[in-house]
Every structure is written in structure tokens, then in C-alpha cells.
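Coordinate analysis (summary)
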Amino acid sequence: MDIFEKCRNFTAAEEYQERGLYPYFVPISENHGPRVVMDGREMIMIGSNNYLGLTKDPRVQEAAIKAIEQYGTSCSGSRFLNGTYEMHMQLEEKLARFVNKEAAQVFSTGYQTNAGAISTLVEKKTIIITDKTNHASIFDGVFLGSALNPRVTVKRYLHNNMDDLQRVLEAVNPDLPKIIVTDGVFSMEGDLVKLPRMVELCQKYQVGLYLDDAHALGVVGKTGRGTMEHYDLWDEVDIVMCTFSKSFASLGGFVAGKKEVINYIKHFSRQLIFSAAIPPANTAAVIKALEIIEEEPEHVQRLQEIGAKMRREFQAMGFDTGESETPIVPLLVRDFDKTFGLWRALFEAGIYTNAVVAPAVPPDRSLLRTSYMATHTDDDLDRVLETCKKIGKQMGII
Ligand SMILES: Cc1ncc(COP(=O)(O)O)c(C=O)c1O
């Protein structure tokens, strides 16, 4: 049997390309933040996670350039051996303060942060309890943790359903170590975890809580400190993680919590120890982005206002925006081909969105994911709304 047979048999991508309906790996030739150039045309970008628009902030760009001049383009090794720079330590201190935790550990990507922190924390008989729709990097951390510790038990509960979570908690052995892992803001539909009830359950059943705030820091909470700030529940969350590839305008990620927990992850995570450190430019960009978020709350406020406007207007037109409470506003289409069709029609009209279909979401929740930046202009947003209304009606979606 030829191992490559499945590759030859995979033709779906080409088929959609031939029909002009393939929405993935579309190259960008110029990036101006809320506007990009694709296929030789300027487009309004509503498919990015650059929530605060800071990737194009001159201060962030300058910090990255200076870091390259001073320290070079790579750390050329792992944090563990030769790749720890003073700026990494400085960033970790700032991040821990930002999220109100004792300590933080930076990883080279958000994906590695989840894979590393989760797989390192679980041991022999741990019970990991996860929302069914958590991000893939959480699941990969869970899979890795269970592969390394075959007696780990993994339980999933229905999306954001606290009754189902309670059902799971009641059924598991109370004497074994347990951890709940959840997104703070769910990445595809922009809904918020029901943290108050989850915290009550954690306390009742003595479960640790791990919160992935990748789409929440810089986005929710009055000053952008995420889900914990939104609900004013800080100490109740044991571990919070976030990536730098969204509000923080860079690449990398971190996990924060009690000193001893972070110290353990630091010394045992293979994803940290056996992978090169986040480069100087990326580190300096996050430090500057964090300073801007702390000193200029108007960016977070503007983003939240834009999110509220877009949800309100889309709902008024008849679009189904699910349970979104954030600037991630899904347009639920619930049909695979129609989702690709809507994506293409908007693309032709100069608007770039993300088509999200199974297996990323259940088949009956195929959607266009739209997401906004603090730097979008009102004119661009109005054009998005008008165009979506016109095309949505033509296609019978609204
Ligand atoms: C909820 C969530 N966690 C983790 C990650 C991984 O972060 P990164 O893409 O920066 O590696 C993402 C990114 O898509 C995410 O959406």
C-alpha cells in the first residue's frame, strides 16, 4: 500500500479552485491594516485578528526594527539554553502584571503555548475536561498529554453548556486531579465563556481552570484585560494563556498563573525547551503593543463600539450572528456550498472574510467569520454592511 495514495486521492481543493470558490491561502500583496491588496485589488479586510490594528502602528514597527538592529533577527536557540534575552524576562514581568498573575512564561507561538502548557500539566490519572469547540491547539495539548500519559481521561462537554459540564463533573472520580480547559472568547463565533457558573462548578468540584484568552485580551474587559476583567473574576482562574498573533501584533504566546505552576511549565515543557525562542523583533513588538494597550484605552473602546455596531446592524438586516458578544461577528449560513458562494460574492465586491465550514465548525453551523479592527473607518464599515445586505438578499440568506 502506497503511503501517498491519500494525497493523490485528495482533489476537493482543486475542484473548488476550478469553480472559483476556494477561499483559503489567498495571497496578500500589500497590507495596510483594514485594507489589503489581493489579486491586484484593494479590499476591505474583515477577516483578520489584528483587533487593535497595531501591526501597522509606527511605534510597534519601529520597536521591532530597533530590536533587529540591536539583537539580530533570531535568538538562535531555545530559551532553556542560549535563547533567553533580557527583553523576554521584561516582557514576562509586564504580561504577568497585565493579567494580574504572579508569573508568566512566553512561548514561540500561541499553538505551542497550549500544546506545551496543557501537555506538561497533565499527569498519570488527570481528568481533562474540555469544551467541544475549543481551539485545535487546546485539543492538540490534550492529545499530547494523553499520549504521554495513557491513563489520562478526556471528557468533553457541550459547547458552553454549564449543565452538561456539571453532568460530566458529577460522573468523574472526585479523588483524581482535574482541570477544565476553555476558550474565553470562542474563536469562530465570538461568544463568551459562561465564566461565573464555571467558576462555581470549579470550586464545588475542586477543579483547576485553564482559560485561553487568545481572542479576549485587547478585545473584552473595560481595559482589554480579557474575560477575567469582563466578569471581574481574577483569582478564580488558575491559568490564563494568550497568543501574540492577534491584539498584540506579533507572533508568540504566553501562559500566566501562580509562580510555582509557571516554574514547573518552564522546566518541563518540551515545546518550550526544544524549540527556539521568540525572536527579538517579535518580542519588542509585543512589549510596545502592550504599552499602547495600557496607556491608550481608546483603541479597546473603539473596537468594542465597532463590534456592537456590526452585531446590531447585521441582526437588524436578518443575519443570524449566533451568540456573539465581541468584534468577532459570525454570519451563520448553515450550508457548505452557500457559505463558499457568499464568500466569493463578497470577495468580488472587494470584501475579504473567512469561510468556516466543517470540520472547523459542525456542518449545520457553516459560517462567514467577520472580525473587526479598531482602525476600521466608519465608511468602510458602512460599505461592508450595505454590500452584505445586498448580497445576502440576492442569495436568499436574509
Ligand atoms: C483560541 C486560540 N488559541 C490559540 C491559538 C493559537 O495561536 P497562534 O496562531 O498564535 O499560534 C489560536 C489561533 O488561532 C486561537 O484562536
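Counting of residues starts from 1 at the beginning of each chain's written sequence and follows it residue by residue. With pLDDT at 70 or above as the cut-off, local features in this predicted model cover only qualifying residues; side-chain atom pairs require 80 or more to be listed or tallied, and sums for whole chains, interfaces and linings still use all residues. Neither water nor hydrogens contribute to the side-chain values; these are computed over all heavy atoms in the structure.

For the rest of this paragraph, the subject is helix α13 (residues 298-317). Under the scheme used here, helices are H or I runs from DSSP no shorter than 4 residues and strands are E runs no shorter than 2 residues, and both carry numbers assigned from the N terminus. Helix span is expected to be 1.5 Å times the residue number reduced by one. For α13, spanning 20 residues, the distance from its first C-alpha to its last is 29 Å, which sits close to the expected 28 Å at 1.5 Å a residue. Restricting attention to buried positions, one finds in α13 the residues V300, L303, I306, G307, K309, M310, R311, F314 and M317. Two residues form a contact once any of their heavy atoms are found within 4.5 Å. In this fold, the buried residues of α13 make contact with α12 (280-295), β11 (328-332), β14 (367-371) and α15 (378-394). Of the residues one or two after α13, G318 is the one with positive phi, at around 105°. Only protein chains enter the accessibility calculation, which uses a 1.4 Å probe. A residue is then buried if its area is under 20% of the maximum for its type, exposed if over 50%, and partly exposed in between.

Our next topic: the domain arrangement of the protein. Note: domain ranges come from an automatic or database domain assignment. For the protein, the domain assignment lists domain 1 (7-45 + 297-394) and domain 2 (58-295). One C-alpha centre belongs to domain 1, the other to domain 2, and the line joining them spans 27 Å. Each side of the interface is counted separately: domain 1 has 18 residues, and domain 2 has 21 residues. Carbon and sulfur atoms make up 57% of the surface buried where domain 1 meets domain 2, a total of about 1,500 Å² over both sides. By convention, the term buried area covers the 1.4 Å-probe accessible surface removed from two parts as they join, with the contributions of both added. Looking only at domain 1, the three residues that lose the most surface to domain 2 are P297, V300 and I328, adding up to 29% of its buried area. We define a salt bridge as a side-chain nitrogen of Lys or Arg found within 4 Å of a carboxyl oxygen belonging to Asp or Glu. Counting every contact that joins domain 1 to domain 2 gives one salt bridge. Salt-bridge contacts for E189 lead to R365; the nearest nitrogen and oxygen are separated by 2.8 Å. Here a polar contact is recorded for every N or O atom pair within 3.5 Å, except that within protein the pair must consist of a potential hydrogen donor and a potential acceptor, and residues adjacent in sequence are included only if both atoms are side-chain atoms. At the surface where domain 1 touches domain 2, the tally comes to six residue pairs in polar contact (both at pLDDT 80 or more). Listed by contribution, the elements that provide at least two residues to the side of domain 1 that touches domain 2 are α13, β11 and β14. No other element matches the four residues that α13 contributes to the side of domain 1 that touches domain 2. Side-chain classes follow a simple rule in which Ala, Val, Leu, Ile, Met, Phe, Trp, Tyr, Cys and Pro form the nonpolar group, Asp, Glu, Lys and Arg form the charged group, and the remainder, Gly included, forms the polar group. In terms of residue class, the side of domain 1 that touches domain 2 is made up of ten nonpolar, four polar and four charged.

Looking now at the packing of aromatic side chains. Classification of ring pairs uses Phe, Tyr and Trp, with its six-membered ring standing for Trp, and accepts pairs whose centres are within 6.5 Å; under 30 degrees between planes counts as stacked, over 60 as edge-to-face, and the remaining range as tilted. Considering all chains together, one arrives at 15 aromatic pairs under this definition. When the centroid spacing of 5.7 Å and the interplanar angle of 65° are considered together, the rings of Y71 and Y85 count as edge-to-face. Separated by 14 residues along the polypeptide, Y71 in helix α3 (residues 58-71) and Y85 in the loop between α3 and α4 (86-98) bring together distant segments of the chain. Plain terms: the ring middles of F244 and F248 are 6.0 Å apart, the flat faces sit at 85° to each other, and that makes the pair edge-to-face. When sorted by exposure, F244 lands in the same class as F248, which is buried.

Attention now goes to the sheet that holds strand β2 (residues 35-38). Spatially, the four strands line up as an open sheet ordered β1-β2-β3-β12, and their pairing is mixed. Both outer strands of the open sheet, β1 (28-31) and β12 (351-352), are each paired with one neighbouring strand and no more. Criterion used throughout: strands pair if DSSP finds at least two bridges between them. In this structure, strand β3 (residues 41-45) lies alongside β12, joined through two bridges in parallel fashion. Within β12, the residue paired with M45 across the bridge is Y352.

Turning our attention to the pairing of strand β9 (residues 239-243). Along any regular strand the residues' side chains alternate between the sheet's two faces. Across the five residues that make up β9, a large majority, five, are buried. Going residue by residue along β9, you find I239, M241 and T243 tucked away on one face and V240 and C242 tucked away on the opposite face as well. The pairing of strand β8 (residues 208-212) with β9 spans three bridges and is classified as parallel. Bridged to L211 within β9 is V240. By the bridge criterion, four bridges tie β9 to strand β10 (residues 253-257) in an arrangement that is antiparallel. Paired with T243 across the two strands is G253, which belongs to β10.

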